[in-house]
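Structural characterization, general
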Amino acid sequence: QFAPDTVADLVDGFVVNLYQSVTIVTLVMLLSLGLRTGLVVATLIPMAMLATLAMMSLFSIGLDQMSIASLIIALGMLVDNAIVMSESILVSMGEGKKPIPAAVESAAELKIPLLTSSLTTSAAFLPIFLAESAVGEYTAPLFKVVTLTLLCSWVLSLTMIPMLCAVFLRVEPAGEEAYGSLFYRFYRRFLTAALKRRALALVAVTVIFVLALKGLGLVPNLFFPPNDRPTFTAEVQLPIGTPIERTEVVVKEIEDFIRQSLVVGQWPHHERLGVWSRLTGKEARPDGVVNWATFIGNGGPKFTLGYNPGLQSPEYGILLINTVTRTAVDEIIPKLETFAREGYPDAKVTVRPLSNGPGAGPSVEVRLSGRDTDVLFDLVDQVKAKMREIPGTKLIDDDWGARSKKLLVDVDGPRARRAGVSNQDVAISLQTFLEGLETTEFREGDQLIPVTLRSVAKERNNIDQIEALNIYAQATGEAVPLKQIANIEVAWEPAQVKRRNRLRTVVVECWVEPGTTAAEVDAVLVPWLDEQAVNWVPGYSFEMGGENESSGEANASIGAKLPIAGLIIVMLLVAQFNSFRRPLIILITIPLGVIGVVIGLLVARSYFGFMTLLGIISLAGIVINNAIVLLDRIRIEIEDNGLAPQLAILESAQKRMRPILLTTLTTIGGMLPLWFGGGAMWEPMAISIIFGLAFATLLTLGVVPILYSVFFRVSFRDFRDEAPAAS
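Below or above, wherever it landed, is the structure these notes cover. What you see is a predicted model, and the numbers here were worked out from it, not measured in a lab.

1. Regarding the sheet that holds strand β2 (residues 289–296)
- The strand order across the open sheet built from four strands is β2-β3-β1-β4, with neighbouring strands paired in antiparallel fashion. A single partner strand is all that each edge strand has here, and the edge strands are β2 and β4 (348–353). For this sheet the average axis-to-axis angle between neighbouring strands, irrespective of direction, equals 15°.
- Pairing analysis gives seven bridges linking β2 to strand β3 (residues 316–323), with the strands arranged antiparallel. Within β3, the position partnered with Thr-294 by the bridge is Leu-319.

2. Quick notes on the state of the cysteines
- This model, assessed by the stated rule, comprises zero disulfides.
- The thiol sulfur of Cys-152 is not disulfide-bonded, and the nearest other cysteine sulfur, from Cys-165, lies at 19 Å.
- A residue is classified by how much of its surface remains accessible, and Cys-152, at 12% relative accessible area, is buried.

3. Digging into the packing of helix α5 (residues 99–124) against helix α8 (residues 141–168)
- Contact geometry of α5 with α8 gives a least axis separation of 9 Å together with a crossing angle of 175°. The angle between α5 and α8 places the two elements in the roughly antiparallel class. Taking contact as the criterion, the partners of Pro-99, Ile-100, Ala-103, Ala-107, Lys-111, Leu-114, Leu-115, Ser-118, Leu-119, Thr-121 and Ser-122 in α5 are, on α8, Phe-143, Thr-147, Leu-150, Leu-151, Trp-154, Leu-158, Pro-162 and Ala-166.
- Class assignment for the residues of the contact of α5 with α8 results in 14 nonpolar, four polar and one charged.

4. Brief notes about the pattern of salt bridges
- Scanning the model with the defined rule gives 23 salt bridges in all.
- Its salt-bridge partner being Lys-252, residue Glu-248 comes within 3.4 Å of it at the nearest N-O pair. Within this pair, Glu-248 and its partner Lys-252 are both found in helix α11 (residues 244–261), separated by four residues, close to a single helical turn.
- We classify Glu-248 as partly exposed; its relative accessible area is 33%.
- Accessibility expressed as a relative area gives 43% for Lys-252, which makes it partly exposed.
- Look at the salt bridges and you will find they share partners, linking Glu-109, Arg-633, Glu-637, Lys-655 and Arg-656 into a network.

5. Re the packing of helix α22 (residues 546–559) against helix α26 (residues 610–639)
- Orientation of α22 relative to α26, taken along the N-to-C sense of each, is 20°, at an axis distance of 10 Å. It follows that α22 is roughly parallel to α26 by the angle criterion. Seen from above, α22 lies across α26 with right-handed handedness. Of the residues in α26, those touching α22 at Ala-554, Asn-555 and Ile-558 are Phe-610, Leu-613, Leu-614 and Ile-617.

6. Remarks on the nonpolar core
- Formed by 126 residues in total, the largest nonpolar core has its most connected members in Met-29 and Phe-610.
- If we skip the residues at most four places from it in the chain, Met-29 touches Gly-34, Gly-38, Val-41, Ala-42, Ile-45, Val-79, Ile-83 and Thr-666.

7. Thoughts on the side chain of Asp-425
- Within the secondary structure, Asp-425 is located in helix α17 (residues 423–434).
- For Asp-425, which is buried and forms no salt bridge, the nearest opposite charge comes from Arg-417, at a distance of 12 Å.
- Once you skip the residues sitting within four places of it in the chain, Asp-425 turns out to touch Gly-420, Ile-471, Tyr-472, Ala-473 and Gln-474.

8. Things to note about the packing of aromatic side chains
- Counted according to the given criterion, the structure contains nine aromatic pairs.
- Judged by centre distance (6.0 Å) and plane angle (70°), the rings of Phe-183 and Tyr-184 are edge-to-face.
- Taking the centre distance of 4.7 Å and the plane angle of 20° together, the rings of Trp-675 and Phe-676 count as stacked.
- Through a chain of ring-to-ring contacts, the aromatic side chains of Phe-257, Phe-339 and Tyr-344 assemble into a single cluster.

9. A few points about the side chain of Ser-688
- With respect to the helices, strands and loops of the structure, Ser-688 is situated in helix α28 (residues 679–711).
- One polar contact links the side chain of Ser-688 to the main-chain carbonyl oxygen of Met-685, over a distance of 2.7 Å.
- Beyond its immediate stretch of four places on either side in the chain, Ser-688 contacts Val-597, Thr-612, Gly-615, Ile-616, Leu-619 and Leu-693.

10. Some remarks on the pairing of strand β15 (residues 541–544)
- Alternating residues of β15 divide into Phe-542 and Met-544, all buried, and Ser-541 and Glu-543, none buried.
- For strand β5 (residues 364–370) and β15, the ladder comprises four bridges, and the chain directions are antiparallel. For Ser-369, the partnering residue across the bridge sits in β15 and is Ser-541.

11. A word on α17
- With 12 residues, α17 should cover 16 Å at 1.5 Å per step; its first-to-last C-alpha distance of 16 Å lies within 8% of that length.
- Residues of α17 that are buried: Asp-425, Val-426, Ser-429, Leu-430, Thr-432 and Phe-433. Viewed along the axis of α17, the buried residues span an arc of 160°, placing them on a single side of the element. Within α17, the exposed residues directed more than 90 degrees away from the buried face are Asn-423 and Gln-424.
- Two residues or fewer after α17 comes Gly-436, characterised by a positive phi angle close to 105°.

12. Here's the deal with the pairing of β5
- Counting buried positions over the seven residues of β5 gives seven, a clear majority of the element.
- Sheet analysis places β5 next to strand β14 (residues 503–512), joined by seven bridges and oriented antiparallel. Opposite Val-364, over in β14, you have Cys-510 as the bridge partner.

Quick notes on the rules
- Residues numbered from 1 in each chain as written.
- Predicted model: local features only at pLDDT ≥ 70, side-chain atom pairs only at ≥ 80, totals over all residues.
- Heavy atoms only, no water.
- Pairing = 2+ DSSP bridges.
- Helix = DSSP H or I, 4+ residues; strand = E, 2+ residues; numbered from the N terminus.
- Axes fitted to C-alpha atoms, helices over the stretch in contact; angles between N-to-C directions.
- Disulfide = S-S within 2.5 Å.
- Buried < 20%, exposed > 50% of the residue type's maximum accessible area, 1.4 Å probe, protein only.
- Parallel < 35°, antiparallel > 145°, perpendicular 65-115°, else oblique.
- Contact = heavy atoms within 4.5 Å.
- Nonpolar A, V, L, I, M, F, W, Y, C, P; charged D, E, K, R; others polar.
- Salt bridge = Lys/Arg side-chain N within 4 Å of Asp/Glu carboxyl O.
- Left-handed = near helix turned anticlockwise from the far one by under 90°.
- Core = buried A, V, L, I, M, F, W, Y, C linked by side-chain atoms within 4.5 Å.
- Lys, Arg positive; Asp, Glu negative; His and termini not counted.
- Phe/Tyr/Trp six-rings, centres within 6.5 Å; stacked < 30°, edge-to-face > 60°.
- Polar contact = N/O pair within 3.5 Å; in protein donor to acceptor, adjacent residues only side chain to side chain.
- Expected span 1.5 Å × (residues − 1).
- Arc of directions from axis to C-beta.

Following this line, the structure appears as structure tokens:
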């Protein structure tokens, strides 16, 4: 398959998702803000996008799957600044101010809060950029593109949006009736009741949060899902020492099976032998293999992140196979596995789809380390037997491969010394006899052809001939039969010996059936290994590899950088509010998004993986943004407008409810195309942001005012609110 076409198709698909997100966000703003205000805010989208693309070009950030997805994620966030700015201008104009003074005052009032919220949202993505892992490198464009988009949005929100609002928007003074609708009155009464019973409200939120953490255990874990591309690989690994000619024969027979039984547009092989199937009117196979490429002795080029070609070896071969649809991949893989298992029991044939992320090795790996090979393989057999008992496992094997027949020559030292023969003499004579010794070179044109001296194949395969081999002693110039100075035997030994941390290490590996995750297998296997390891001989141990290790390393690489992001966010918040209590309120509200994330993953039957973690990090930045604008409004109502703390909390919540809800709706709307059209990789990230933000916003509108009243000791016990009457 031509790689540029594949890349172009992927980019085009995400560009379509981007257009869909722009359309959805624009419609949400038009329906929520009205035609004029919606159009003013919507102008920010093309301006910010064009500015971001220009900045991406300046910083050499290309358009790829990750960067375009980053634009989609940032799309819902970039309109937040414009919505908050336009809402503030509308409120000021509704209070009787002229358009230009209202625009200037709103820009001056919001420039620092909006910058702080943009920077804190960007800082939430910083651990992804700093993560020292392959996954971190893969997802680094998220931080770069989101940061550039939010900063461009901030600049435009302070310049273009106030100008457009002053020119095109006209609002009649609304007086006290601005927040007198049924919707605002209901929210104000609900918030007042919660503030009077804040202990009960906080306990209820805490209980819901704890239940959500418990529910997280019901969500399946999956590091990276299989790729959506209609492409899969069939990796053939014959016993070590197999000549490349034998590998070529096996691979060609697999190709024949694909050609006869799996190629699109043909009748199955057993039906094509007769004419009955044609007479019955059966159609040819509508789906199946389109084409394939074969590499023998090497794995070919690394054409995608999730493809790890094997090292050059004569017993190795791989087929890269393209199908019509992704569904055909899941149907063909079992057929190809069955054919390979029944036809080549000595071969290890691994058939699997392409992976989305890095580290596309076996799903489950157990590394067993020790010094004695026999003891080590006793443990290997035990682990393999346990893996076979676990439902959903397949292709259980180890990385040392099948044992091979070897000729052991044990030189008897005393006898060899009496004959004047050294170990080097034995080695040279055996090499000459078995493998050959290069004696000279023959030149033909510009080619040098080595001339090798060795015995005929019939003699090399005869152990009697080997025992009778004369060993030439360089010290004495005499020859001695090998059997007189050495004991010769044939034994089955490991074809290769691998070490890790200088200890012999065998990796026992297996793959999982569709519908089973590596985490489910690990949940059964790891406790059993812990129990068995207690009784092992001292000096033998195990480590988990596979998805368990890859996921742990990826999460740890991000977790190691979280304190840096947390420190930057705290410093920005402290600088913004000149207070420690307000930043603490914001930090407490961040985990509330987990409630919605768990509910969303359970409802959508999705999984928790690395992309879900990225969604939670993105969610944290948005929650911080909403909390900042709400707390800053409370400060303005108290310090600038002179309201009592109780009224300031209620008035600020009312005034910031609409822009917070609108930013939530636009972000959710922008993520919908990623949920329904982004594929298995982006689906959990979109779900975590959509559901997490929906629940976090509702809780933020209630929890932030309650926490403010607790931290600043604002009592509502005897408070009586006189809400505006409905118009």
